[in-house]
Structure formats: structure tokens, C-alpha cells
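Working through the structure, step by step
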Amino acid sequence: METKLVKVDSENPERELLTEAAEILRKGGLVAFPTETVYGLGANGLDGDACKRIYEAKGRPSDNPLILTIGDISGLYPIVSRVTENAEKIIDAFWPGPITLVLPKADCVPSAVTGGLDTVAVRYPSNKIARELIKLAGIPVAAPSANSSGKPSPTRASHVAFDLDGKIDMIIDGGAADWGLESTILDVSEDKLVLLRPGAVTQEMIEKVVGPIDVDPAVYSKPSKDIVPKAPGMKYKHYSPSAKVILVSGPGDNVIRTINEKVREDEAKGLKVGIMATVQTENSYESGNVLVVGDRDKPETIGANLFKILRKFDFIGADVVYSEVFDEDGEGAAIMNRLNKAAGFNYIRC
Ligand code: AMP
Ligand code: MG
């Protein structure tokens, strides 16, 4: 299959290009498009066969359900069977935006979307291209991240092309995704709300609106026999480059000294070594391939670049990557959740 790549203006999306993309979606095809979190891989969310094509293109396990995106709030009610009072409060506070809500599903939602669950994950993105496209398609659009399963999520059209060229009908290039990490996932299907995946909308922001919420234990610990994530996708190895990723934590000076020692040892063995550094530390490393992920004082820069930098380590063929770690406060929770998963919770504490 030939994949058509089209550039669309993120501020004033060209209507004729989005109409063509919407037509592909309505006919059962696959279109990757930008959102404010990462690029999504869209299919008609009411067409089970179209949704199955998403799983094929991504190589995604069939028990890992998809997210349904909607282009305006009226799109929510036909696909869920109940909207709780707390869900309404979250919607008023944060939609459109980077938070996905898990709600009881309506009968029209195919099991290919939900992986057989009786709930459905729904998001109303704020990105203009995404909203216009979904509205023009006139259907809920199933849209998980547009990467090969297990690889870092795509934050640019070039990442999507690298993973999925020849496997999908169209890629809409709308520039770099603003936030760069996947949406927050909040289960609002029961009375007690549960955070299933941290993202741009933080636990603190949610609790200001609805009071204390629960956090799924898999958010901060390695999934195991006792800790089975409620978001099925969180149990898979994820976000990983081919290199082995090792997180180094401790006081700043110790981290730099330890990484320098490890890099020397590994390079002596003939390994290609990557270092994920920050603007604060980039000049402190003596050898290795140093890539700057962002500025510690501006965590949003780290979120925006994390997946791009993980992909770059693959591109340069790193065998092993040492990474600094970050504060888990606020948006740092999402950054460390993804980094822990990329590293399989592999730490050197110094
Ligand atoms: P992605 O958009 O690629 O990040 O994948 C969607 C994420 O949403 C995966 O982690 C899924 O496990 C999660 N998800 C989708 N539907 C549900 C649901 N009904 N309950 C819990 N998690 C869900
Ligand atoms: Mg994904």
C-alpha cells in the first residue's frame, strides 16, 4: 500500500485535505494525524474491521483496547451508556484537552475497540487538525498512538512514517506534537475515580476539581503478578528504543561521576553508549553520545522531547543508554512513568 503524506497547516487546516482524509476514515481506511499529545492512528471507531486494521498496522496485542476520539462534546453521548457526575466535572474542567476518560460503553462500540471490556476510553482532543478531521468524518475515530507497538510514541509525522510507511493510507503532517507524551487516562466509570496513566493533566489538577482520587499501583511500580494494570496497555514493555536503557539516580554529582565511569567501562568493551542529559549537565560528560532531552527548570521541554530523543538513540545505533532521572512532581509524574517503562525499571542508585 502506498502511504500518502500531506502537510496541513496547524492553525488554519486546509479543509479540502481534511475532507479527503475524513473520506478515507469513513471508508474503513487508516489515517495518522497530530494531536496535542502524540500522533494518533485513526480508523472508523464504529467499524470493527477498520479497527482491526489498526492492530495489524501497529502489531498491537488484541487485548490492548483503543481510545475513541470525538470532535465535539455531542459525540460522547452515543458511545457511552452513562456519564457520572464526576465525569461531567472533569469534562467541564479539561475537555477539549489531553485527558482520556474511561466510561461504561454503549452497545454500538465494537469489541475490537474495547478489547472485550465493558468500558470505553474516550478523548476530545484540542488540536485543531484532529478536531476538524473527526468532525468532518462524522464518526468517533479510534486513535491509539501511531507507532509500531512497543516503540516510543510518535511526536512528529516523520516518526509515524518511519514505523508505518506502506501500512496505512495517509499521514497528516501538522508539525511537532505540543505536549509530546500520551494523554492522562482517568477511569470515571465507578464512584471512586482512578488514575490509570499520568499525563499533562496531573493528579493535582484533577483533585482540585473532584477531591482525592485513587492511583492504579501500576503507574509507579513494575507490573507483576500482584500488580496488574487496569489500563491493559500499561502492562506491555513500552516506549523503548532497541538500546538497553539504565536510569541513574542520586545526588547530581554522583550521577555524573557514575555515568562517566559506566560509559568508560562500556566503551572499553566496544559498546556504543548514549547519555540522556539536560541543558544543565550536557558539558559534564567526558565521552559517549550525549543527547539533551530538555531543561530541568522547564519540565515541559523534557516531556516534549523524550520520545524524540529515545528514537534518536535507536537511529545512532546505541547499545546502551544511561539517563538522568527527574522530579516526579506535577507533570514529572508522566515523564518518569514513561522513562521507567522505557528502562523496564532498571536503576543504578548512587
Ligand atoms: P494508546 O492510545 O496507544 O496510548 O493506547 C490507549 C491506552 O488506553 C492503552 O494503554 C489502553 O490500555 C488504554 N485503554 C483503552 N481503553 C481502556 C479501557 N476501557 N479501560 C482501561 N484502559 C483503557
Ligand atoms: Mg500507544
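Anyway, here's the lowdown on the structure attached to this text. (Residues numbered from 1 in each chain as written. Chains lettered and ligands numbered in written order. Predicted model: local features only at pLDDT ≥ 70, side-chain atom pairs only at ≥ 80, totals over all residues. Heavy atoms only, no water.)

Some remarks on the overall build of the chain
Basically, it comes down to this: A run of H or I in DSSP becomes a helix once it reaches four residues, and a run of E becomes a strand once it reaches two; helices and strands are each numbered from the N terminus. Two things to know: the radius of gyration comes from C-alpha atoms, and the globule rule equals 2.2 Å times the number of residues to the power 0.38. Contacts are assigned to residue pairs with any non-hydrogen atoms lying within 4.5 Å of each other. Per-residue accessibility takes into account occlusion by the displayed protein chains alone, with areas from the Shrake-Rupley method and a 1.4 Å probe. When charges are tallied, Lys and Arg are placed among the positive residues and Asp and Glu among the negative ones, while His and the ends of the chain are skipped. Where a charge sits is defined by one atom per residue type, namely NZ (Lys), CZ (Arg), CG (Asp) or CD (Glu).
Each helix and strand counted, the chain has 10 helices and 16 strands in total. A compact globule built from 350 residues would reach a C-alpha radius of gyration of about 20 Å, and the chain, at 20 Å, matches this within 12%. The C-alpha extent of the chain, read off along each of the three principal axes, is 60 × 50 × 35 Å. For the chain, long-range pairs separated by at least 24 residues make up 67% of all intrachain contacts whose partners lie at least 6 apart in sequence. Summed over all atoms, the accessible surface of the chain reaches about 14400 Å², with 49% contributed by carbon and sulfur. Across the chain, the 41 positively charged side chains and the 50 negatively charged ones have centroids separated by 4 Å.

Here's the deal with the site of ligand 1
Note the following rule: Throughout, the term near means that a residue has one or more heavy atoms lying within 4 Å of the molecule or strand in question. Polar contact is the term for a pair of N or O atoms within 3.5 Å; when the atoms are in protein, one must be able to donate a hydrogen and the other to accept it, and sequence-neighboring residues count only if both atoms are side-chain atoms. Only Asp, Glu, Lys and Arg are considered charged in this grouping, and only Ala, Val, Leu, Ile, Met, Phe, Trp, Tyr, Cys and Pro are considered nonpolar; every other residue, Gly among them, is considered polar.
As a matter of local geometry, ligand 1 sits amid 19 residues, with N64, T119, S145, R197 and G233 nearest to it. At a separation of 3.0 Å, an oxygen atom of ligand 1 approaches a polar side-chain atom of S145. A distance of 2.6 Å separates an oxygen atom of ligand 1 from a polar atom in the side chain of R197. When ligand 1 sits alone it has 490 Å² of accessible area, and the protein chains cover 95% of it. Counting residues per element, the ones that place at least two in the shell around ligand 1 are β6 (119-123) and β10 (194-197). Its residues placed into classes, the shell around ligand 1 shows 12 nonpolar, 4 polar and 3 charged.

Quick look at the pairing of β6
Cut-off, in case you're wondering: The classification of residues rests on relative accessible area computed with a 1.4 Å probe and restricted to protein chains. Under 20% of the type maximum is buried, over 50% is exposed, and intermediate values are partly exposed. Paired strands, as defined in this entry, are two strands with at least two bridges between them according to DSSP.
Summarising burial for β6: 5 of the 5 residues are buried, a large majority. By the bridge criterion, 4 bridges tie strand β5 (residues 99-104) to β6 in an arrangement that is antiparallel. Bridge pairing in β6 places V102 opposite A121.

Focus: the sheet that holds strand β4 (residues 67-69)
What counts here: Interaxial angle, 0 to 180 degrees, is taken between N-to-C directions of lines fitted to C-alpha atoms, where a helix line uses only the stretch in contact.
Pairing within the open sheet is mixed, and its 11 strands lie in the order β1-β8-β2-β3-β7-β4-β6-β5-β9-β10-β11. Two strands close off the open sheet at either side, each with one partner strand: β1 (4-7) and β11 (214-215). The pairing of β10 with β11 spans 2 bridges and is classified as parallel. Looking at β11, one finds that L195 is bridged to V215. Across the sheet, helix α3 (residues 85-94) is in contact with β5 and β9 (184-187); its angle to β5 comes to roughly 160 degrees.

Some words on the packing of α3 against helix α7 (residues 203-210)
Filter applied, for reference: Oblique is the label for every angle not falling under 35 degrees (roughly parallel), over 145 degrees (roughly antiparallel), or within 65 to 115 degrees (roughly perpendicular). Should the near helix be turned anticlockwise from the far one by less than a right angle, the crossing is termed left-handed; should it be turned clockwise, right-handed.
Interaxial distance between α3 and α7 falls to 10 Å at its minimum, and their mutual angle equals 120 degrees. Our classification of the angle between α3 and α7 gives oblique. Here the hand of the crossing between α3 and α7 comes out right-handed. Each of N86, K89, I90, A93 and F94 in α3 lies in contact with α7, whose residues at this interface are M205, I206, V209 and V210. A breakdown of the residues in the contact of α3 with α7 according to their chemical character gives 7 nonpolar, 1 polar and 1 charged.

Notes on a negative patch on the surface
Applied cut-off: Patch definition: residues with relative accessible area over 30% and no salt bridge; like charges joined within 9 Å; nonpolar side chains (Val, Leu, Ile, Met, Phe, Trp, Tyr) joined within 5 Å. Within this document, salt bridges are pairs made up of a side-chain nitrogen of Lys or Arg and a carboxyl oxygen of Asp or Glu, the two lying within 4 Å of each other.
Taken together, the side chains of E204, D327, E328 and D329 define an acidic patch exposed on the protein surface. Residue placement: D329 occurs in the loop between β15 (320-324) and α10 (332-342). Taking relative accessible area as the criterion, D329 reaches 61% and is therefore assigned exposed.

Here's the deal with helix α5 (residues 128-137)
To keep things clear, this is the line we draw: In this context, the arc is that of the directions from the helix axis out to the C-beta atoms.
Every buried residue of α5 is listed here: I129, A130, L133, I134 and A137. Taken around the axis of α5, the buried residues stretch over an arc of 120 degrees, which confines them to a single face. Packed against the buried residues of α5 are α1 (15-26), β2 (31-33), β4, β7 (141-142) and β8 (170-173). The N-capping residue of α5, defined by a side-chain oxygen 2.9 Å from the backbone nitrogen of I129, is N127. G138, located one to two residues past α5, shows a positive phi value of around 70 degrees.

A few points about the packing of aromatic side chains
Under the convention used in this document: Stacked, tilted and edge-to-face pairs are distinguished by plane angle, under 30 degrees for stacked and over 60 for edge-to-face with tilted covering the rest, among Phe, Tyr and Trp rings (Trp via its six-membered ring) whose centres lie within 6.5 Å.
Considering all chains together, one arrives at 1 aromatic pair under this definition. Measuring from ring centre to ring centre gives 6.3 Å for W95 and Y124, while their planes differ by 80 degrees; the resulting arrangement is edge-to-face. Here Y124 lies in the loop between β6 and α5 and W95 lies in the loop between α3 and β5, a separation of 29 residues in the sequence. W95 gets classed as buried once you look at its relative accessible area, which sits at 9%.

Notes on the sheet that holds β15
If you walk across this open sheet you meet the 5 strands as β14-β13-β15-β12-β16, and the pairing is parallel. Only two strands of the sheet have a single partner each, and these edge strands are β14 (289-294) and β16 (347-349). Sheet twist, expressed as the mean angle between neighbouring strand axes with direction ignored, is 25 degrees. Packing of helix α9 (residues 299-315) onto the sheet brings it into contact with β13 (273-278), β14 and β15, and relative to β14 it is tilted by some 155 degrees. Its contacts with the sheet place α10 against β12 (244-249), β13, β15 and β16, and it is angled at close to 130 degrees to β12.

A few points about unusual backbone geometry
Of note, the amide linkage connecting W95 to P96 takes the cis form, showing an omega dihedral of -5 degrees. Counting through the fold element by element, P96 comes out in the loop between α3 and β5.

Such coordinate-based values are descriptive only and should not be taken to indicate function.
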